[in-house]
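Structural description and commentary
Residue strings, one per chain:
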Amino acid sequence: MWPGFLNGQAEQPVRVLLVDDDANMRRVIAHELLADLRIDLLSEGASMREGRRLISQREFDVMLVDLNLGDGTGFDLIEHMKAVRPAAEAIVISAMEDAQHALHAFKLGATGYLVKNSWFGNFAQAVLQVVNGGASITPGLARRLLGKFEPLHTRGAGAPGSEKAREQLSEREKGVLQLVASGNTSTAIGARLNISGQTVNTHIKNIYRKFNVRSRAQAVSFAAAHGVF
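For the structure given in this document, a descriptive report is provided here. (Residues numbered from 1 in each chain as written. Predicted model: local features only at pLDDT ≥ 70, side-chain atom pairs only at ≥ 80, totals over all residues. Heavy atoms only, no water.)

1. Here we look at the sheet that holds strand β1 (residues 14-19)
Spatially, six strands are ordered β2-β1-β3-β4-β5-β6 in an open sheet, and the strand pairing comes out parallel. Looking at which strands have only one partner, the edges of the open sheet turn out to be β2 (39-45) and β6 (136-137). Contacts from helix α2 (residues 48-57) reach β1, β2 and β3 (62-66) within the one sheet, and its direction differs from that of β2 by about 135°. Here helix α4 (residues 99-108) sits on the sheet and contacts β4 (89-94), β5 (112-115) and β6; the angle it forms with β5, its principal contact strand, is near 150°. (Pairing = 2+ DSSP bridges. Helix = DSSP H or I, 4+ residues; strand = E, 2+ residues; numbered from the N terminus. Contact = heavy atoms within 4.5 Å. Axes fitted to C-alpha atoms, helices over the stretch in contact; angles between N-to-C directions.)

Have a look at this one:
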């Protein structure tokens, strides 16, 4: 059952663009998206140039984008998308499973990073997660990102600003942010912590204000860089 209060309903599906220069991968992803009535795959592109044209031509909710586009990078396309359609979400689909690429994508405003050919890959679910306030990260990569927090916490204990960043958040806010980093939606976080989704969103807004960021991905990136966890 898909709750009626969530974005992504058969009568009003999530509008998606797909940009990847790998034709076989596009077919695989498109097949999965088209099989889900909650998603409307509007258009596909195979290059940076085509991606920019699609972004300018159509209103959409989520863009799935590869990092290597032949005539440019997915990073550049995410940055362009956020400038033209700031409300839209971006999910990276990439063969590169490393934390640095993921963190850079998050800093640009992406809210998802899926590794191609991962056993855990579920493109439709990722789209639905990000349009409902969550983040979607391939579990293996999420584990790597979380694994970076402890060394940063240890090494950064005396770094300028690291103690201040940790002290800014309440224990509840830290708990919420850790669940956000694991890709949970506000609804799922509320269920885990026995609070309402609205209360979760209030905590997240407070985290944004304290960290001076504008997205969940940026908050997680800031927390990692300053040893918050």
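Structure shown, so let's carry the discussion forward.
2. What about the nonpolar core?
Counting residues in each nonpolar core, the largest one holds 31 residues, and the members touching the most others are Phe-60, Met-63, Leu-77, Phe-106 and Tyr-113. At the level of secondary structure, the elements contributing two or more residues to this core comprise β1, α2, β3, α3 (74-84), β4, α4, β5 and α6 (139-155). Looking at this core, the element that brings in the most residues is α4, giving five residues. For Leu-77, the contacting residues outside a window of four places in its chain are Val-19, Met-48, Gly-51, Arg-52, Ile-55, Met-63, Val-65 and Leu-69. Among the nonpolar cores identified, the runner-up in size contains 21 residues, and Ile-29, Ala-30, Leu-33 and Leu-128 belong to it. (Core = buried A, V, L, I, M, F, W, Y, C linked by side-chain atoms within 4.5 Å. Buried < 20%, exposed > 50% of the residue type's maximum accessible area, 1.4 Å probe, protein only.)

3. Quick look at the environment of Leu-69
Within the secondary structure, Leu-69 sits in the loop between β3 and α3. The buried category is assigned to Leu-69, whose relative accessible area is 2%. Counting along the chain gives 21 residues from Leu-69 to Met-48, while the straight-line C-alpha distance between them is 5.9 Å. Beyond its immediate sequence surroundings of up to four residues, Leu-69 is in contact with Val-19, Asp-20, Asp-21, Ala-46, Ser-47, Met-48, Gly-74 and Leu-77.

4. Thoughts on the pairing of β4
Counting buried positions along β4 gives six out of six residues, so the element sits mostly inside the fold. Residues Glu-89, Ile-91 and Ile-93 of β4 are buried on one face, and the alternating residues Ala-90, Val-92 and Ser-94, pointing to the opposite face, are buried as well. Note: β3 against β4, five bridges, orientation parallel. By the bridge assignment, Val-62 is partnered in β4 with Glu-89.

5. Overview of the pattern of salt bridges
Evaluation of the coordinates by the stated rule reveals eight salt bridges. Notably, a salt bridge pairs Glu-44 with Arg-26, separated by 3.5 Å at the nearest N-O pair. In this pair, Glu-44 is assigned in strand β2 and Arg-26 in helix α1 (residues 23-34), connecting sequence segments 18 residues apart. Judged by its relative accessible area of 38%, Glu-44 falls in the partly exposed class. Exposure remark for Arg-26: the relative accessible area of 16% places this residue in the buried category. The partner of Glu-171 in a salt bridge is Lys-174, with the nearest N and O atoms 3.5 Å apart. Of this pair, Glu-171 and Lys-174 both sit in helix α8 (residues 171-181), three residues apart, which is roughly one turn of the helix. What makes Glu-171 exposed here is its relative accessible area of 62%. (Salt bridge = Lys/Arg side-chain N within 4 Å of Asp/Glu carboxyl O.)

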